[in-house]
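# Descriptive structure summary
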Protein chains: 2
Amino acid sequence: MRKVTYGGATSLDGFLARPDGGVDWLMWSDEAAAATMASWEGVDTVIMGRKTYEVAARQGSGGGGEFPGVTSYVCSRALPPGSVQGATVVADAVGLVKRLKGEPGKDIGLMGGGDLARSLFEAGLIDEVGFNVHPVLLGAGVPAFHPMTRQTDLELKECRPFKNGCVLLTYRVKH
Amino acid sequence: MRKVTYGGATSLDGFLARPDGGVDWLMWSDEAAAATMASWEGVDTVIMGRKTYEVAARQGSGGGGEFPGVTSYVCSRALPPGSVQGATVVADAVGLVKRLKGEPGKDIGLMGGGDLARSLFEAGLIDEVGFNVHPVLLGAGVPAFHPMTRQTDLELKECRPFKNGCVLLTYRVKH
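## Some remarks on the pairing of strand β3 (residues 43-49) of chain B
Residues and elements named next belong to chain B.
- In terms of burial, β3 is a largely internal element, six of the seven residues being buried.
- Pairing between β3 and strand β6 (residues 107-111): five bridges, direction parallel. Looking across to β6, one finds that V43 is bridged to D107.
- Summarising the sheet, β3 and strand β4 (residues 71-75) pair through five bridges and their orientation is parallel. Paired with G49 across the two strands is C75, which belongs to β4.

As structure tokens, this is what we get:
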């Protein structure tokens, strides 16, 4: 069955971005580029929340239109269907992921903030998490993990320190 | 100068304990025991907040009385001086740490919740952080890091995966 993966770059205190969405603190490197490329190779579907879509759209990479072979979904109860470019708007994230997991295809990547990930963790639908933990405490920002009503047990798949002090941690979710 | 260290075991989502203080999720191992021993070898002074003291006291290890050669302080504005066993009560954590760092001695370990660590991070008084990241998302609990008004830059000192899937991450604080 298709895997659903969630991840990204975080600070040690668990933020994906500054409070204003800023990611100026990210440390780019050949190692990070290679790991990012590898993580995207197995993915043919991307799901993001509205806020992530809006940030991506401002940066000119709103939807799947820019990534040949990648289908993009934006989960939002506020946006009307068909209202965004390059992506399909869906209100029910859990229903969408359940349906997609039952269809043939490559892996499904969750992008962006933890709001979407929370509902999918709570529904037991996420299969793998991977974070590039940066050597910084931001103090505040967009959290990778929101409060959840259930515990999720993980299994360490890989721990890879980069030369620049970042550490890539990848886990399988125990279902 | 004496180093001030902050650390402990955390879940991947950054909790030191469950909301009720529970640590039943901790994965003990020979590797964790050796790392804990090593981290305590250089320490002769322990500083904790009131809540951590109360948890430790209930478990019968309230203060330095049980650790020969270790001096314990409890930082609290609520507790009157001299009111706890085995430790000295101090209201001003920042003032205490500034004074202790200027005195001869071994390293100073911060124990427990992130409330105390926050004020010391913001005052630039913490020199090293070390976390044994457990392969679990607790969903809720006592956070290792509270919101802070300043960014703290770190330098990765060690990244050590354990056989049981925990990862020990140790950082120097860049002052």
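On we go from here.
## Let's talk about the interface of chain B and chain A
- Taken together, the contact pairs 27 residues of chain B with 27 residues of chain A.
- At the level of elements, β8 (136-137), β10 (152-161) and β11 (167-173) of chain B are the ones that each hand at least two residues to the side of chain B that touches chain A.
- Considering every element that reaches the side of chain B that touches chain A, the biggest residue donor is β10(B), with seven residues.
- Residue composition of the side of chain B that touches chain A, by class: 17 nonpolar, six polar and four charged.
- With two bridges connecting them, strand β10 (residues 152-161) of chain A and β8(B) associate as antiparallel partners.

## Some details on the relation of the copies chain B and chain A
- Its rotation angle being 180°, the transformation that places chain B on chain A also includes 0.0 Å of axial translation and leaves an RMSD of 0.0 Å. In the structure described here, the two chain copies are related by an operation that fits a two-fold rotation axis. Closest approach to the rotation axis within chain B is made by the C-alpha atom of B:G14, at a distance of 3.5 Å.

Rules of the game
- Residues numbered from 1 in each chain as written.
- Chains lettered and ligands numbered in written order.
- Predicted model: local features only at pLDDT ≥ 70, side-chain atom pairs only at ≥ 80, totals over all residues.
- Buried ≥ 20, exposed ≤ 12 C-beta atoms within 10 Å, placed from the backbone.
- Helix = DSSP H or I, 4+ residues; strand = E, 2+ residues; numbered from the N terminus.
- Pairing = 2+ DSSP bridges.
- Contact = placed C-beta atoms within 7 Å.
- Nonpolar A, V, L, I, M, F, W, Y, C, P; charged D, E, K, R; others polar.
- Least-squares fit on C-alpha atoms with pLDDT ≥ 70 in both.

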